[in-house]
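# A closer look at the structure
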Amino acid sequence: MNAVANPKIVMQARGLVKRYGQVTALDGVDFELREGEILAVIGDNGAGKSSLIKALSGAIVPDEGEILLDGSPVHFRNPLDARRAGIETVYQDLAVAPAMTIYENLFLGRELRRPGFLGNMLRMLDKKKMLHESAARMADLKVGIQSMTQAVETLSGGQRQCVAVARSAAFARHVVIMDEPTAALGVKEGNMVLELIRRVRDRGLPVVLISHNMPHVFEVADRIHVARLGRRAAVLNPKNISMSDTVAVMTGAMTADQLPAEAHA
Ligand SMILES: Nc1ncnc2c1ncn2[C@@H]1O[C@H](COP(=O)(O)OP(=O)(O)OP(=O)(O)O)[C@@H](O)[C@H]1O
């Protein structure tokens, strides 16, 4: 991350509350994503990570609190609203359609039409342009896949996840949110996806990375948001805190105010 004295805040949430009957999933959580960073979101099971990410990506509507994008309040009623606002989310499971080709996956739901009558009236797809743009996106992100007409089911798990990440990066204007993108992958493939996540950040898109994998978090995160009991327990600087102290804050064995000042980010 660039060392900036006052980094711009791209996305912010204040006091988000989400209740499911008797359960309070979000209990007044704050959140801040800065320009140019990979922000990891970690927390024990049930800490409220998914609920937070769902609120930021429009999958749930919080009961209370506010979300700001580039300083302006936003009210997402559904994931499409968030997408339209430039926020793309990569989900662990629903990442890609296996039987379709890479370029079809990249443009799924946002297909390019031929210009003029053929596209407007006959709804003909501009396959050539989609192929060309897919190849350009993949090359830009250095995803080493040659043929855009290859079916996604013929790719390795890591390559599939790279396609999902590349798709999000291609369409996101503000933020990419990734929910456990390396969870189902082996070591080599996980590293490939981490490398891609870094490139996405380096091309100017801030990334929110939800992960249970501490080594991965410490490898790529610029800052770590620790979720606990529906709130934000701390925001940590991975360069100045150990993995074991981070886990202690996450589990409640240690509180944030027991940490030295430099551990905070
Ligand atoms: N749709 C729902 N209905 C009822 N309770 C829910 C629902 N979604 C989440 N919860 C509850 O809200 C709390 C927070 O859940 P959430 O999924 O946000 O946590 P998490 O940190 O993502 O957990 P995990 O790591 O296990 O996915 C949990 O107690 C969970 O059981």
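The following refers to the structure shown. (Residues numbered from 1 in each chain as written. Predicted model: local features only at pLDDT ≥ 70, side-chain atom pairs only at ≥ 80, totals over all residues. Heavy atoms only, no water.)

### A closer look at the overall build of the protein
Summing up its helical and strand segments, the protein has nine helices and 10 strands in all. Relative to its length of 265 residues, the protein is compact, with a C-alpha radius of gyration of 19 Å against a globular reference of 18 Å. Overall, the protein is about 65 × 40 × 40 Å in size when its C-alpha atoms are taken along their principal axes. Expressed as a percentage of its 265 residues, the buried residues of the protein come to 48%. Considering only contacts in the protein between residues 6 or more positions apart, those separated by 24 or more positions represent 67%. Put simply, the protein shows about 12800 Å² of open surface, and 51% of that area lies on carbon and sulfur atoms. Here the protein contributes 32 positively and 29 negatively charged side chains, and the mean placements of these two sets differ by 7 Å. (Helix = DSSP H or I, 4+ residues; strand = E, 2+ residues; numbered from the N terminus. Rg over C-alpha atoms; globule rule 2.2 N^0.38 Å. Buried < 20%, exposed > 50% of the residue type's maximum accessible area, 1.4 Å probe, protein only. Contact = heavy atoms within 4.5 Å. Areas by Shrake-Rupley, 256 points an atom, 1.4 Å probe, with all protein chains shown as cover. Lys, Arg positive; Asp, Glu negative; His and termini not counted. Charge placed at Lys NZ, Arg CZ, Asp CG, Glu CD.)

### As for the nonpolar core
One finds Ile102, Met138, Met178, Ile197 and Val200 to be the most contacted residues of the largest nonpolar core, which totals 34 residues. Ranked by the residues each element gives to this core, the list is headed by helix α6 (residues 157-171), at six residues. Methionine 138 has contacts with Ile102, Leu106, Val143, Ile145, Met148, Val163 and Ala166, leaving out every residue within four places of it along the chain. (Core = buried A, V, L, I, M, F, W, Y, C linked by side-chain atoms within 4.5 Å.)

### Observations regarding the packing of aromatic side chains
One pass over the full model with this rule turns up one aromatic pair. Over the ring of tyrosine 20 we find lysine 18, and its NZ or CZ is 5.4 Å from the ring centre. In this structure, arginine 110 packs its charged tip against the face of phenylalanine 171, placed 3.9 Å from the ring centre. (Phe/Tyr/Trp six-rings, centres within 6.5 Å; stacked < 30°, edge-to-face > 60°. Lys NZ or Arg CZ within 6 Å of the ring centre and 35° of its normal.)

### As for the pairing of strand β9 (residues 223-228)
Each regular strand carries side chains that alternate between the two faces of the sheet. The element β9 is largely enclosed, with a buried count of five among its six residues. Bridge count for strand β3 (residues 38-43) against β9 is five bridges, and the pairing is parallel. Opposite isoleucine 42, over in β9, you have valine 226 as the bridge partner. Pairing between β9 and strand β10 (residues 231-236): five bridges, direction antiparallel. Residue pairing in the sheet places arginine 228 in a bridge with arginine 231 of β10. Taking the residues between adjacent antiparallel strands as the criterion, β9 and β10 are bridged by two residues, where leucine 229 takes a positive phi near 50 degrees. (Pairing = 2+ DSSP bridges.)

### Points about the pattern of salt bridges
Oppositely charged side chains can pair when the atoms bearing their charge come close. Per the counting criterion, the structure on display carries 16 salt bridges. The partner of lysine 8 in a salt bridge is aspartate 70, with the nearest N and O atoms 3.3 Å apart. Of this pair, lysine 8 sits in the segment before β1 (9-20) while aspartate 70 sits in the loop between β4 (64-69) and β5 (72-74), and the two are 62 residues apart along the sequence. For aspartate 70, a relative accessible area of 33% puts it in the partly exposed group. We note a salt bridge from arginine 203 to aspartate 140, for which the minimum N-O separation is 3.1 Å. Residue arginine 203 is located in the loop between α7 (187-202) and β8 (207-210), and its partner aspartate 140 is located in helix α5 (residues 127-140); the two are separated by 63 residues in the primary sequence. On the accessibility criterion, aspartate 140 (41% relative accessible area) is partly exposed. Linked through salt bridges whose partners overlap, the residues forming this network are Glu195, Arg198, Arg199 and Glu219. (Salt bridge = Lys/Arg side-chain N within 4 Å of Asp/Glu carboxyl O.)

### What to know about the site of the ligand
Near the ligand you find Tyr20, Val23, Ala25, Asp44, Asn45, Gly46, Ala47, Gly48, Lys49, Ser50, Ser51 and His212, and these make up its full shell. One of the backbone nitrogen or oxygen atoms of glycine 48 is found 2.9 Å away from an oxygen atom of the ligand. Residue histidine 212 places a side-chain N or O atom 3.4 Å away from an oxygen atom belonging to the ligand. Within the residue set of the shell around the ligand, elements represented by two or more residues are β2 (23-34) and α1 (49-56). Tallied by class, the residues present in the shell around the ligand amount to four nonpolar, six polar and two charged. (Near = heavy atom within 4 Å. Polar contact = N/O pair within 3.5 Å; in protein donor to acceptor, adjacent residues only side chain to side chain. Nonpolar A, V, L, I, M, F, W, Y, C, P; charged D, E, K, R; others polar.)

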